[in-house]
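What follows is the residue order along each chain.
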2 protein chains.
Amino acid sequence: MFQGGYTGKILRVNLTDRVATTEDLSVATAEQFIGGSGFGIKYLFDEVPAKADALGPENKLIFASGPLSGTNVPCASRMAVTAKSPLTGAVGMALTGGQFPVELKFAGYDILIVEGRSEKPVYVWIRDGEVQFKSAEKLWGMKTTDAQQIIKNSLKDQNIRVACIGPAGENQIRMASIINEWRAVGRKGLGAVMGSKNLKAIAIRGTGKVAVADKEKLKAARKVFTGAMKESPVLYPAFSKMGTGMVVDHTCHMGIFPTKNYQSTGTYDPIEKIGTEMQATRNTGKEHCYGCPVGCSQLNLAKEGPYGGKLTEGPEFETYYSFGGVTGVENIDAIIAADRMADELGFDTISAGVTVAFAMELFERGILTEADTDGLVLNFGNDEAMMALLKKMAFREGIGDLLADGTKAAAEKIGKGAEKYAMHVKGLELPAYDVRGAKAHGLNYATSFTGADHCRGYAFQEIFGIPVPKEVDRFTADGKGELTMWNQDVRTATTDAPTMCAFLLDMAVVGIATENTAALMNAVTGLSFTADAVLKAGERINNLARAFNVREGFTRAHDNLPERLMTEPVPGGASEGHFISRAELDQMLDEYYTARGWDVKTGSPTREKLLELGLENAADQLG
Amino acid sequence: MFQGGYTGKILRVNLTDRVATTEDLSVATAEQFIGGSGFGIKYLFDEVPAKADALGPENKLIFASGPLSGTNVPCASRMAVTAKSPLTGAVGMALTGGQFPVELKFAGYDILIVEGRSEKPVYVWIRDGEVQFKSAEKLWGMKTTDAQQIIKNSLKDQNIRVACIGPAGENQIRMASIINEWRAVGRKGLGAVMGSKNLKAIAIRGTGKVAVADKEKLKAARKVFTGAMKESPVLYPAFSKMGTGMVVDHTCHMGIFPTKNYQSTGTYDPIEKIGTEMQATRNTGKEHCYGCPVGCSQLNLAKEGPYGGKLTEGPEFETYYSFGGVTGVENIDAIIAADRMADELGFDTISAGVTVAFAMELFERGILTEADTDGLVLNFGNDEAMMALLKKMAFREGIGDLLADGTKAAAEKIGKGAEKYAMHVKGLELPAYDVRGAKAHGLNYATSFTGADHCRGYAFQEIFGIPVPKEVDRFTADGKGELTMWNQDVRTATTDAPTMCAFLLDMAVVGIATENTAALMNAVTGLSFTADAVLKAGERINNLARAFNVREGFTRAHDNLPERLMTEPVPGGASEGHFISRAELDQMLDEYYTARGWDVKTGSPTREKLLELGLENAADQLG
C-alpha cells in the first residue's frame, strides 16, 4: 500500500487482556497527519474518551515515528509519545531521539498504541512480528539504566533497544519521564501514564529495513538538506561541539536566563559558574542519535566533591536552567549529578527543577518551613537540599510527595498564596527563556497545546535573530500572534510529525523547511506532498490538538501566564524593565486566535476551520 | 598444533610502543600449566624481573583463560588475571567470570599479555585478529558501567565485552579491581596495575569458536559432570536460588562470621539483619555467566532510605562480611549500595571493608580522631560513614588517601600500634571465615601465594563437613598441613587453571574432580592428561608461584596470621574460646612445608622439588 517511509502497520497492545494485534495505517491518515505527533494526536482524539482519567486504563500511550525515521535522511531517529497528560489534563506529547525510534520502524511499525492496564508489572517484548508480555515484577524499582541492561541480559540480546520508566514513573509522579538509553520523553508526565499501566518497559528488536520509494529523488532532496546543514554557521561549528548548553551564555547576555524562580533574572550572572567555559571543563565526549552526523549530546563528567565521578548525557540548556539558574544552584557538578539522577529515576528535569525553585521561594518566604520540608533547608542555591528533594519527589517521600505532581497541584494543596510563585501554564512548568524579554515565547507558552512548552513553537527569531518569516522585535507584542501560529505549525509539520530533529529547523533549514520536508517525504514515501500541504498538516494537527483540549474543558482563560511575569518587570540585565502586561497578552491572544480562525472569545477552533481542515469528527464533537 | 580447547595463540600488547604481536602457545606449556592461573604464573615468573615495581612499566598484566572456556562445558567462562600485586608484593592473581573470558577465546587467544605503560590514557580494542590502541582520555574518571557503555556506543557494537577500571584503578589505590559487566577481578589490586599502565579498558569482540578435539568423548565427560551437578544437594536446590549469600547464616551458626574487626565474632547475631531471610526481601532476580545453568549471581535491590533504588549484582557472602559483619553495619541496603559503589568505582569489597573496619577500631580506640578522619565519625555500624570513607578511598581524598593502600600500608604510616588491628596476611586483608574456628582456613590464609585468600585453597571440609579427602575437625591443627596442600593443588588444578567455576568443585564434583577435569580436558584438547597429571600441574603451579614470592624476598616469617587471631579467643558463639596459638600455626606450617617438600626453616621450595616438577628455570634462579 505504501511504497516507502511508512511500514503501514499499527501495533496495538492491550495490557488488560494481554493481546497484541496489528492493523493497517491508511494512506489518508498518512497524508493528513504525516506521522509522529500527528499520528499521536489523531489516535488520542479518536480513541481516548473525553474526561478520561489520565492515570486510568482508558488513557492510551501512543508511540509514533514518522516517515523519515529509519531512512538515510540524517537526524530523523525521532519518535513522538502521546497520551492525555496527568500533569496538565491536556494533550501530553513529547518526542525523543536516540536509537529506539528507528528500532520501532525496523520492527515493522509506524505506531505502537498501548492500551488498558496490566494487573501486575509487565514489560512488552517486540521482536519484529512477535510480541510477548513478560513479567516485570523483578524489574520494579530499578533505575532506568539498570532496567535496560537487565532486560537485554535476560533476553540474551545486547542489540535490543528499551524504553522504560524508573521509580518516578512507577510512583506515578506527574512529571515522570520515559527513558531510552539516557534520552528522555521528558515532559508532561508520560512516564506516569506508563506507570499507571504497570508497564515498566518496551523492548524492541527490529531486523527489517525502511523502504524508500525513489532513491534518486531522495538523493537530490537529501543533498539540499545536508547542504543547508553544512552551510549553517552554527550547526557544526558550535552546536556539534557544545550542544544546547551553549545557549546559557547567549540567554544570559540577552537577560532572559531565569534565575531564582524568576525573581532575579538578569541581576546576577551565572555564566562564570555554569556557562560554556565551565561546561568545557566537564566535557568528556559526546553521543549521536541514530543517523545523526552532528552529535549534539554532550557527555559531562562531574569532577569535584560529593558529585565526583557522576557522568551524564547532558545537561541540556534547559537543565542548566532548571537545576541551575531557576534554583540558584551554581555548582555545575551538582547540576550534572541531578541530571543523571533525573534520567536514572525517570523524571523531567524542567518540571522537577522549577518545582524545587517554587519550594525554595516558599521556604524563603516562610510559607514552607523546616517542619514541612522534613528538615531540608530549601534556600536558593542549596545544591544538597535540591538533590535530596529531587529524590524525595521521585519516591514520593515526605515533602517530596507534596511536590511530586508539580507546582500547580502543590500550590493548590499548600494554599497561602503559593500559586503566585508557581511558574507554570496549564500545570506544565515553564521552560527557560524568560518570556518577559521574548514575548513570542510568552504567547507560545500560553497557547501551546501541551502547556508551557518551548518545543511546540519555539520563537528562534527572538533568540537568534533569524529573519524568517520576518524580522521581529523580542520586546514587542505586535505581530506575535501570526508569528506564533507559523512557528507552531512549521515546527509540527517539519519536525514533530515527519519525524525530524527540531534543532535542524532552527539552525539549518528554516528558510526551506516546508519545501525540503515535502521533497524528502515525497522521495521516501512516493506520496505527493506540496510545501503548502505540509504546512497545512501542521495546522491540522495543531487544530486537532486544540480540539482535544477544548473537549477536556480548556478555554481562552487557560491560555495564560504566571502572574509574576505579567506584573513584575525583569529586575536587571539586558531585558531590565520588561514584562508582558495583561493587555499585551490579550492583544497577542486576540491576534493569535484571529490568525488561526478560532473564536476569539473562547479560543475554540470554529466549526468552519475544523471542516476546512478535514476534521469532521472534531467539528461534530465540539458541536 | 592444538586439536581443540586451546587457540594456541598469545596476544602480546605493548603499551609503551603501541605494538601488538602474537606468538604461539607451546604444547609443553599447555601440558605443564593447563591454562588460567597456570599460564599467568608461568609468564609472570618468566617475564617480570625480580623486585620489579608493581606499579611500574616492568610489571605485566596477564589475562589467561583455560582450555574448557568457550566450549560447551558448563560454568567455564572464567579467566585468571595475573601480575605482581601492588598490595602484597607477591603473586597477584584473581579470577573473574561473566561473558568477557569466553570473548577472549572467541577472538582467538588463550592469553593476553599487557606490557609497558602508555604515556596517555588508552584502551585496547581487540576485534578478532585486529588490535587497535584508542584514546581513553575522555573515559578517564568514568565509573565502570558508564565506561563500558560509552565504549560500546563509540565502537557502534553492543556485543563488545569490556574489562575496565574505575576511578579507584586510575588513582592506583592498591585494592583497585578490574570490572567486566558487574563482575570483578577483585583482589590484590590488579586494577591499580592497569591504572599504572594508563590502561582504562580492554574491549573485545570475538567471532570465532573454540574447537573440540573429540565431541563424543566430551559428551560422555560432560554427562558425568552435569550428572554430579544435578545430584548435588546444594547446587540447584539452594545455591542457584540464594548464591553465596546463603553462607551468612551457616557461618553465623558456626560462630565464624567475623564481626567488628574480629572483636565480636559470635557475640551477636547479624542473621536477622543481613541473613538469608532478609536477603530474600531484597532479591530481584539473578544473572548467569556465559554457559552457566546455575546462575548464582543474585540481583539485589535496596529498598529503603538513602539507598533506595540501588541495585547490585551481589552482595556475595564475602561482601556481607566486609561491608556488613566486620564493620558492624547491619543495614542491608547500605551493604547493597556499597557493593554497587565498589563495582562502579572499581575496588575490592573485601580489602575495602576490612580496611574500613580497621579504621573504625582505631577510631573507637582513639588512635584516629575526627581530626584525622575529615570529621567522619567512624564508629562500628555507622553505614553513612562507611559509604563516605569508601568513596574517599577510591578518590584518595583526605583520610581516604591514607587508607587506600590497605591495612598494612596504613598501619605503617599511622604507627601507634595500629598494626595490631590490621587484619591481613602479606598485606592482603582477611576474607570472611574467622580462622580461629576453622584452622585449615588459617593455614591456607597464611600460606596462599596471594596472601589471605579464601579462593586459593578453600577448606570446604571445615565449612560443609564434606569428608573428601577425609573427615576433619575444624578446631584442631592436626593434619591441616597435608589437607591445605591438597586443597590448594586441587583447587588450582581443577578450577583456576582449566578454567572452571570454583563453586562446582566444592558443591558438586569434589569426589571426582581430578578425574573429571582430565576427562573433560582430554576430550576438548586431544591431549592426554591423567588425574595424577592434573593434580601434579596444580602442585607445579603452586610451587612456581611460591618460587616467585621467594625471589621477591618472602620467607616462612611472612606465612603468618594477625596477632589478634593468635592471642584473643573467639569471644562467643559456637566457636567460643578457640584461637590459633603461635605453636599451632608453627605446627601446621611444619607439616605443610614437609608435605610440600619445601625447606621447613625458610619455607622455600627445594631445588629437588622444583626439578621434580620440571621447573628448571625456577630452580636455577632460587639457587
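**Concerning the environment of leucine 561 of chain B**
All names here are of chain B. By secondary structure assignment, the location of leucine 561 is in the loop between helix H23 (531-551) and helix H24 (563-567). Leucine 561 sits 186 residues away from glycine 375 along the chain, and the two C-alpha atoms are 32 Å apart. Here leucine 561 is in contact with Val425, Val435, Gly442, Tyr445, Ala446, Met566, Ile580 and Leu585, once residues within four sequence places are set aside.

**Points about the pairing of strand E5 (residues 91-96) of chain A**
Residues and elements named next belong to chain A. Here E5 lies mainly inside the structure; six of its six residues are buried. Residues Val91, Met93 and Leu95 line one face of E5 and the alternating positions Gly92, Ala94 and Thr96 line the opposite face, and both faces are buried. In this structure, the hairpin formed by strand E4 (residues 79-84) and E5 is closed by a connection of six residues, where glycine 89 is found at a positive phi of approximately 75°.

**Observations regarding the pattern of salt bridges**
Residues and elements named next belong to chain A. In the structure shown here, the tally under the stated rule is 88 salt bridges over all chains. Taking the shortest distance from any N to any O, the salt bridge between glutamate 170 and lysine 200 comes out at 2.6 Å. Of the two residues, glutamate 170 sits in helix H5 (residues 167-170) while lysine 200 sits in strand E12 (residues 199-205), which places them 30 residues apart along the sequence. A relative accessible area of 11% means that glutamate 170 is categorised as buried. Here lysine 200 falls in the buried class, since its relative accessible area comes to 0%. A salt bridge links lysine 426 to aspartate 559; the shortest N-O distance between them is 2.8 Å. On the criterion of sequence distance, the pair formed by lysine 426 in the loop between strand E16 (424-425) and strand E17 (428-429) and aspartate 559 in the loop between helix H23 (531-551) and helix H24 (563-567) is long-range, its members being 133 residues apart. The buried category is assigned to lysine 426, whose relative accessible area is 9%.

**A closer look at the packing of helix H12 (residues 317-324) of chain A against helix H13 (residues 332-345) of chain A**
Residues and elements named next belong to chain A. Between H12 and H13, whose axes approach to 10 Å, the crossing angle comes to 105°. One way to sum up the angle between H12 and H13 is to call them roughly perpendicular. Of the residues in H13, those touching H12 at Thr319, Tyr320, Phe323 and Gly324 are Ile332, Ile335, Ala338, Asp339 and Ala342. In terms of residue class, the contact of H12 with H13 is built from six nonpolar, two polar and one charged.

**Looking at the packing of aromatic side chains**
All names here are of chain B. This structure, assessed with the given rule, holds 23 aromatic pairs over all chains. With a centroid separation of 5.9 Å and 45° between ring planes, the pair formed by phenylalanine 257 and phenylalanine 317 is classed as tilted. A residue pair is termed long-range when its members are at least 10 positions apart, and phenylalanine 257 in the loop between helix H9 (247-254) and helix H10 (271-274) and phenylalanine 317 in helix H12 (residues 317-324) qualify at 60 residues. For phenylalanine 317, a relative accessible area of 3% corresponds to the buried category.

**Some remarks on the relation of the copies chain A and chain B**
Mapping chain A onto chain B leaves a residual RMSD of 0.0 Å; the transformation is a rotation of 180° accompanied by 0.0 Å of translation along its axis. Considering both components of the superposition, the chain copies are consistent with a two-fold axis. The position closest to the rotation axis in chain A is occupied by the C-alpha of glutamine 158 of chain A, lying 2.8 Å away. Most of the interface of chain A is mirrored in chain B, where 100% of its interface residues are also at the interface.

**Structural notes on the interface of chain A and chain B**
Each partner contributes to the interface: chain A provides 30 residues, whereas chain B provides 30 residues. Taken together, the two surfaces of chain A and chain B that pack against each other cover about 2400 Å², and 46% of this comes from carbon and sulfur. In this assembly, chain A and chain B are joined by two salt bridges. A salt bridge links arginine 340 of chain B to aspartate 146 of chain A; the nearest nitrogen and oxygen atoms lie 2.9 Å apart. Scanning the region where chain A abuts chain B turns up eight residue pairs in polar contact (both at pLDDT 80 or more). Elements with a contribution of two residues or more to the side of chain A that touches chain B: helix H4 (144-154), strand E13 (283-287), strand E14 (297-301) and helix H15 (383-395) of chain A. Its residues assigned to classes, the side of chain A that touches chain B comprises 11 nonpolar, 10 polar and nine charged.

**Re the sheet that holds E14 of chain A**
Paired through backbone hydrogen bonds, the strands of a sheet run either parallel or antiparallel to each other. Residues and elements named next belong to chain A. One open sheet accounts for three strands, arranged E13-E14-E15; its pairing is antiparallel. The open sheet has two edge strands, E13 and strand E15 (311-313), and neither has a second partner. Pairs of neighbouring strands in the sheet enclose a mean axial angle of 20°, with direction left out of account. Relative to E14, E13 runs antiparallel, the two being bridged by three bridges. If you follow lysine 286 over to E14, its bridge partner there is glutamine 298.

**A look at the packing of helix H2 (residues 36-47) of chain B against H23 of chain B**
In a packed pair of helices, the relevant descriptors are the angle between the two axes and the axis-to-axis distance. All names here are of chain B. At a minimum axis distance of 9 Å, the contact between H2 and H23 shows a crossing angle of 30°. Taken as a pair, H2 and H23 cross one another with a handedness that is left-handed. Across the interface between the two elements, Ser37, Gly38, Ile41, Lys42, Leu44 and Phe45 from H2 touch Ile541, Leu544, Ala545, Ala547, Phe548 and Arg551 from H23. Tallied by class, residues from the contact of H2 with H23 come to eight nonpolar, two polar and two charged.

**Some words on the confidence of the model for chain A**
Per-residue confidence for chain A gives a mean pLDDT of 97, with 100% of residues at or over 70. Scoring the predicted complex yields pTM 0.97 and, for the interface, ipTM 0.95.

**Quick notes on unusual backbone geometry**
The amide bond that connects proline 498 of chain A to the next residue, threonine 499 of chain A, takes the cis arrangement and shows omega of -20°. Relative to the assigned elements, threonine 499 of chain A resides in the loop between helix H20 (480-496) and helix H21 (502-509). Residue proline 469 of chain B is bonded to the preceding valine 468 of chain B through a cis peptide linkage, with omega at -5°. Considering the arrangement of structural elements, one finds proline 469 of chain B in the loop between helix H19 (460-464) and helix H20 (480-496). Positive phi values are uncommon outside glycine, yet glutamine 172 of chain B reaches one of about 50°. Within the fold, glutamine 172 of chain B resides in the loop between helix H5 (167-170) and strand E10 (178-180). A residue is classified by how much of its surface remains accessible, and glutamine 172 of chain B, at 25% relative accessible area, is partly exposed. Despite not being glycine, asparagine 198 of chain B has its phi angle at roughly 60°, a positive value.

**As for H9 of chain B**
With six of its eight residues buried, H9 of chain B lies for the most part within the structure. Positive backbone phi, at 75°, marks glycine 255 of chain B, one or two positions downstream of H9 of chain B.

Procedures and definitions
- Each residue is numbered by its place in its chain's sequence as written, counting from 1.
- Note on labels: chains are lettered from A, ligands numbered from 1, in written order.
- Confidence filtering applies because this is a predicted model: local features only for residues at pLDDT of at least 70, side-chain atom pairs given and counted only at 80 or more, and all residues used for totals across whole chains, interfaces and linings.
- Note: side-chain values were computed over all heavy atoms of the structure, leaving out hydrogens and water.
- Numbered from the N terminus, helices here are DSSP runs of H or I no shorter than four residues, and strands are runs of E no shorter than two.
- Working rule for contacts: check all heavy atoms of both residues, and any pair within 4.5 Å makes them a contact.
- Only protein chains enter the accessibility calculation, which uses a 1.4 Å probe; a residue whose area is less than 20% of its type maximum is buried, one above 50% is exposed, and one in between is partly exposed.
- By definition, two strands form a pair when at least two bridges between them are found by DSSP.
- We define a salt bridge as a side-chain nitrogen of Lys or Arg found within 4 Å of a carboxyl oxygen belonging to Asp or Glu.
- To define axes, lines are fitted to C-alpha atoms, for helices over the stretch in contact only, and angles between the resulting N-to-C directions are given on a 0 to 180 degree scale.
- Put simply, angles under 35 degrees are roughly parallel, angles over 145 are roughly antiparallel, angles from 65 to 115 are roughly perpendicular, and the rest are oblique.
- Following the grouping adopted for this structure description, the nonpolar residues are Ala, Val, Leu, Ile, Met, Phe, Trp, Tyr, Cys and Pro, the charged ones are Asp, Glu, Lys and Arg, and the polar ones are all others, Gly among them.
- Here is the rule: rings of Phe, Tyr and Trp (six-membered ring for Trp) pair when centre to centre is within 6.5 Å. Planes less than 30 degrees apart are stacked, more than 60 are edge-to-face, and the remainder are tilted.
- A least-squares superposition brings the copies together, and it is based on the C-alpha atoms of residues with pLDDT no lower than 70 in both.
- Simply put, the buried area is the total loss of 1.4 Å probe accessible area from both parts when two parts are fitted together.
- Pairs of N or O atoms are called polar contacts if they sit within 3.5 Å, as long as, within protein, a hydrogen donor faces a hydrogen acceptor (for residues adjacent in sequence, only side-chain-to-side-chain pairs).
- Definitions for this section: a left-handed crossing has its near helix turned counterclockwise from the far helix by less than a right angle. A right-handed crossing has that turn clockwise.
- Per-residue confidence from the predictor is reported as pLDDT, a score between 0 and 100.

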